[in-house]
Amino acid sequence: MSDKLTANTRDKNLIFTPSHIANFICKALGIKESDKVIDPNCGYGLFLKSAKNYTDNIFGIELVEDVYKVAKEEFEDTVINADFFDCENLIREKKPNIALMNPPFNSSGDKTNGFVFVEKMLDWMESGYVAVILPMSCAIGTAKEIAKIKNGILEKHTLDAVFTLPSDLFHPNANVSTCCMIFKVGIPNNTETFFGYFKDDGFVKKKNLGRVQKDDWNSIEEEWLHLYRDRSNVNGKSVTKLVNGDDEWLCEAYMETDYSKLTRKDFEKTVRDYLAFLIKNGDYR
Ligand SMILES: C[S@@+](CC[C@H](N)C(=O)[O-])C[C@H]1O[C@@H](n2cnc3c(N)ncnc32)[C@H](O)[C@@H]1O
């Protein structure tokens, strides 16, 4: 299994989590040996592979047989070929306390963009944490189905954190902006959520190569972990706020801009983008 395999997969629902982000999420959750980890839509098992650095107690479910077969080569009987929605009893029996999720966002007929997987997972766990990568549409949540899920979740569970992820994270397989939400299971939401503006992971797009590391990922990861663990409020980077199900669950909605960091280059780019927008819309005279 490799990131190359990931990069070659074009099916919209087969978009796998880059390993540095999977590792970061495992570190953010502080997974330890005694934890029981599940990925209920495990794909080739990239999240399971990261979790295995901390615990042998891992379990994956994958619907697509060909994908499952690849995961099985590495994870043997810790993965099964099944539909997550048929696994309620099994999941309740196994009692995972950590769920790592990147569910399908684009399944036809799923108006929740993958949120329905999270809603079920939270309800089938007794305690612990769920970390899930979802499209921004779930965090902004104006669609009726999504707003309903957001409100329902907060009645029973806590929105611990939301990290805005790099816009091109899934390049070249998908062009969707995503965030990572972390929920604490079984405790109604009544504390401030940590929102991190984690858009720059130091990777850049390179033709035919996908995203490649340009800056020092280790120090970026270290900074993200500090901001989250300390629940810091840092202009341009992070903020904490008590939200409800009708609010936007996104850092951008609450964070103060750090104007001292704006450069002439940023200003020129914004003016150029705006002019391009006007020209494209036929509004430039
Ligand atoms: C976006 S991929 C993510 C895979 C993996 N979690 C990761 O982060 O790399 C979603 C995976 O969920 C699988 N899947 C879709 N519907 C499913 C279902 N109902 N039950 C279990 N797996 C499902 C897809 O086949 C795909 O492998």
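The structure we're discussing is the one just above.
Just so you know, the residues in each chain are numbered from 1, in the order the chain's sequence is written. The predicted origin of the model limits local features to residues at a pLDDT of at least 70 and limits the giving and counting of side-chain atom pairs to 80 or more, whereas totals for whole chains, interfaces and linings rest on all residues. Where side-chain values are given, they derive from all heavy atoms of the structure, hydrogens and water being excluded.

Student: Could you clarify how one ought to interpret the environment of Arg231 in this entry?
Tutor: Note that Arg231 resides in the loop between helix H9 (217–230) and strand S11 (238–241). Considered as a pair, Arg231 and Thr193 are 38 residues apart in the sequence and their alpha carbons are 8.7 Å apart. Sequence-distant contacts of Arg231, that is, excluding residues within four places in its chain, are made with Asp160, Glu192, Thr193, Phe194 and Thr240. Within polar-contact distance, the side chain of Arg231 engages the backbone oxygen of Asp160 at 2.6 Å. In this description a helix means any DSSP run of H or I spanning at least four residues, a strand means any run of E spanning at least two, and both kinds are numbered starting from the N terminus. Residue contacts are counted whenever heavy atoms from the two residues lie within 4.5 Å of one another. N or O atoms closer than or at 3.5 Å make up a polar contact, with two conditions inside protein: a donor-capable atom paired with an acceptor-capable one, and, for residues adjacent in sequence, both atoms drawn from side chains.

Student: What is the right way to read the packing of aromatic side chains from this model?
Tutor: Geometry of an aromatic ring pair is reported as the spacing of the ring centres plus the angle between the planes. Put simply, two rings from Phe, Tyr or Trp (the six-membered ring, in Trp's case) pair if the centres are within 6.5 Å, and we call them stacked under 30 degrees between planes, edge-to-face over 60, tilted for the rest. Taken as a whole, this structure holds 19 aromatic pairs when the rule is applied. When the ring of Phe24 is compared with that of Trp217, the centres are 6.5 Å apart and the planes differ by 85°; the resulting orientation is edge-to-face. Pair noted here: Phe24 is in helix H2 (residues 19–29) and Trp217 is in helix H9, with a separation of 193 residues, a long-range link. The pair Phe24 / Trp217 is uniform in exposure class, with both members buried. Lying over the aromatic face of Phe59, Lys94 brings its terminal NZ or CZ to 4.5 Å of the ring centre. As a reminder, the over-ring test applies to NZ of lysine and CZ of arginine, requiring each to be within 6 Å of the ring centre and within 35 degrees of the ring normal. Lys150 extends its terminal NZ or CZ atom over the ring of Trp249, reaching a point 4.9 Å from the ring centre. Classification of residues uses two cut-offs on accessible area relative to the type maximum, computed with a 1.4 Å probe and protein chains only: under 20% is buried, over 50% is exposed, and between them is partly exposed.

Student: Mind showing me how you'd approach the pattern of salt bridges here?
Tutor: It is possible for side chains bearing opposite charge to pair when their charged atoms get close. What makes a salt bridge here is a side-chain nitrogen of Lys or Arg within 4 Å of a carboxyl oxygen of Asp or Glu, nothing more. Counted by the stated rule, this structure contains 14 salt bridges. A salt bridge links Glu65 to Lys69, with the shortest nitrogen-to-oxygen separation between them at 3.9 Å. Placement of the pair is Glu65 and Lys69 together in helix H4 (residues 65–75), with a separation of 4 residues, close to one helical turn. With relative accessibility at 44%, the residue Glu65 sits in the partly exposed group. Relative accessible area serves as the criterion here: at 44%, Lys69 is assigned to the partly exposed category. Residues Asp123 and Lys156 are paired through a salt bridge, measuring 3.1 Å at the closest nitrogen-oxygen approach. Placement of the pair is Asp123 in helix H6 (residues 115–124) and Lys156 in helix H8 (residues 144–156), with a sequence separation of 33 residues.

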